[in-house]
Amino acid sequence: MAVKRQLLVLGAGTAGTMIVNKLRRKLDATEWDITVVDRDDAHPYQPGYLFLPFGTYSADQIHRSRRSLLPTGVDFVVGEVDRVDGATDTVTLTDGQTLRYDYLVIASGTSPRPDQTHGMLGAEWRRSIFDFYTFEGAQALAAALQDFDHGRLVVHITEMPIKCPVAPLEFTFLAEAWLREKGLRDRVELVYVTPLPGAFTKPVASEHLGSMLEERKILVESDFLVERIDVERKVLVSYDEREVPFDLLVTVPLNMGADFVERSGLGDELNYVPVDQHTLQSKAFTNIFAVGDSSDIPTSKAGSVAHFSVEIFVDNFLQLVAGEPMTGSFDGHANCFIESGDGKGLLIDFNYDTEPLTGTYPLPVAGPMALLKETRRNHLGKLAFRWIYWNVLLPGRPLPLPAHMSMIGKKAAATHQKEM
């Protein structure tokens, strides 16, 4: 009897779950075993963390069992990865268990690391300093907002890259609208602190989003690289000794990949796996891939990137294991809705080479959707995505969205500048 080939996936988050659902249908079960490893059995809908502090979602709408989202015929192992040995094609778990693989997919994501900034974890953590990139943090922040009726509310990004780079802006817009609704806006000073030179990473989007902050009378402190937090004085201190005081700090800590990536010698300084940005294949081992937030590809760490890149990866993987060249090339395609408050939102769509532009996005059935423009439809699209995530995206069912970015409907940057 022939020995089955082993596909091992580390991480049952967005990318990992999509991959095994798609590949279990494609790989002959008599020839392939598929195993997934994750530290627990709770799969979070991470975009929902943004809404928890404002009461839009409840806790029971955020999590489902990881196992329930995996197909029949996939082994699910709950355990912590200790290290990957690329030379022997094995993965060791912290309980001593060893798993063999022929092909390995690292889909272990990225996580906030408040321990990496001096003063962030301490006496004021989740008292006056909060995060919303974790379930526990978002819940604690929800309680804190109920008691916050005046003072200086600072939204802060430690360093890029971060998971869902528009989320801090979304929180800021939602907080401003929520304060107005509560009749508290005149009693609260809102400040947006970013290491970027503007509101976002690219000129056209940064200009649009920056003007929205200005219209809402939200102060922007740009090019701010935090060195420490002075918890006694409640002040953010940058490396160039600028200071931003706060009464309530909502921070996005440094994001880093999994620690086992570092222990395995597979990562960069932030524990992201260096890969070919078009095939997601490890630069160190040809039978290892890093998909989703775990890789170092130069685009957003977002669910849409996981979705579009998985589409390319699956077809490439099937070619590779059949002994054929991989012909698919991921272009860095990302798109996401940006909540702007008052029941409205924006949509951005971009890739490695094209920045977010104005225009329209040709979404089938529901579209076209306005790009970089506040509309009710974009807000509803954001809310509808939760159902799509659980019922279409994770199960690996086809979505009528092209994996590669299209220029249909977009206005070129030069045209945009002429119109300004």
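Residues numbered from 1 in each chain as written. Predicted model: local features only at pLDDT ≥ 70, side-chain atom pairs only at ≥ 80, totals over all residues. Heavy atoms only, no water.

Enquirer: Explanation requested: the overall build of the protein in the structure shown.
Expert: A count of helices and strands for the protein gives 8 helices and 24 strands. Against the compact-globule benchmark of 22 Å for 420 residues, the protein has a radius of gyration of 22 Å, which places it among compact chains. Taken along its principal axes, the extent of the C-alpha atoms in the protein is 75 × 50 × 40 Å. Looking at the protein as a whole, 57% of its 420 residues qualify as buried. Of the contacts formed within the protein by residues at least 6 apart in sequence, a portion of 67% connects residues at least 24 apart. By element, 51% of the accessible surface of the protein is carried by carbon and sulfur atoms, the whole surface being about 17700 Å². The centroid of the 41 positive side-chain charges in the protein is displaced by 6 Å from the centroid of its 56 negative side-chain charges. (Helix = DSSP H or I, 4+ residues; strand = E, 2+ residues; numbered from the N terminus. Rg over C-alpha atoms; globule rule 2.2 N^0.38 Å. Buried < 20%, exposed > 50% of the residue type's maximum accessible area, 1.4 Å probe, protein only. Contact = heavy atoms within 4.5 Å. Areas by Shrake-Rupley, 256 points an atom, 1.4 Å probe, with all protein chains shown as cover. Lys, Arg positive; Asp, Glu negative; His and termini not counted. Charge placed at Lys NZ, Arg CZ, Asp CG, Glu CD.)

Enquirer: Just checking my understanding: could you explain the environment of Val 220 for this structure?
Expert: Mapped onto the fold, Val 220 is located in strand 14 (residues 219-221). On the accessibility criterion, Val 220 (39% relative accessible area) is partly exposed. Ignoring sequence-local partners within four residues, the contact set of Val 220 consists of Tyr 192 and Leu 213.

Enquirer: What am I meant to see in the sheet that holds strand 17 (residues 243-245) here?
Expert: Within a beta sheet, neighbouring strands are joined by backbone hydrogen bonds and run either parallel or antiparallel to one another. Strand order in the open sheet made by the 3 strands is 15-16-17, with antiparallel pairing throughout. Only two strands of the sheet have a single partner each, and these edge strands are strand 15 (226-230) and strand 17. With direction set aside, neighbouring strand axes in the sheet form an average angle of 20°. Where strand 16 (residues 235-238) meets strand 17, 3 bridges bridge the pair, whose relative direction is antiparallel. If you follow Val 237 over to strand 17, its bridge partner there is Glu 243. (Pairing = 2+ DSSP bridges. Axes fitted to C-alpha atoms, helices over the stretch in contact; angles between N-to-C directions.)

Enquirer: Explanation requested: the side chain of Glu 170 in the structure shown.
Expert: Its place among the elements puts Glu 170 in helix 3 (residues 167-181). Only 2.8 Å separates the side chain of Glu 170 from the backbone nitrogen of Glu 339, close enough to count as a polar contact. Filtering out sequence-adjacent residues up to four positions away, Glu 170 remains in contact with Leu 50, Cys 164, Phe 337, Ile 338, Glu 339 and Lys 382. (Polar contact = N/O pair within 3.5 Å; in protein donor to acceptor, adjacent residues only side chain to side chain.)

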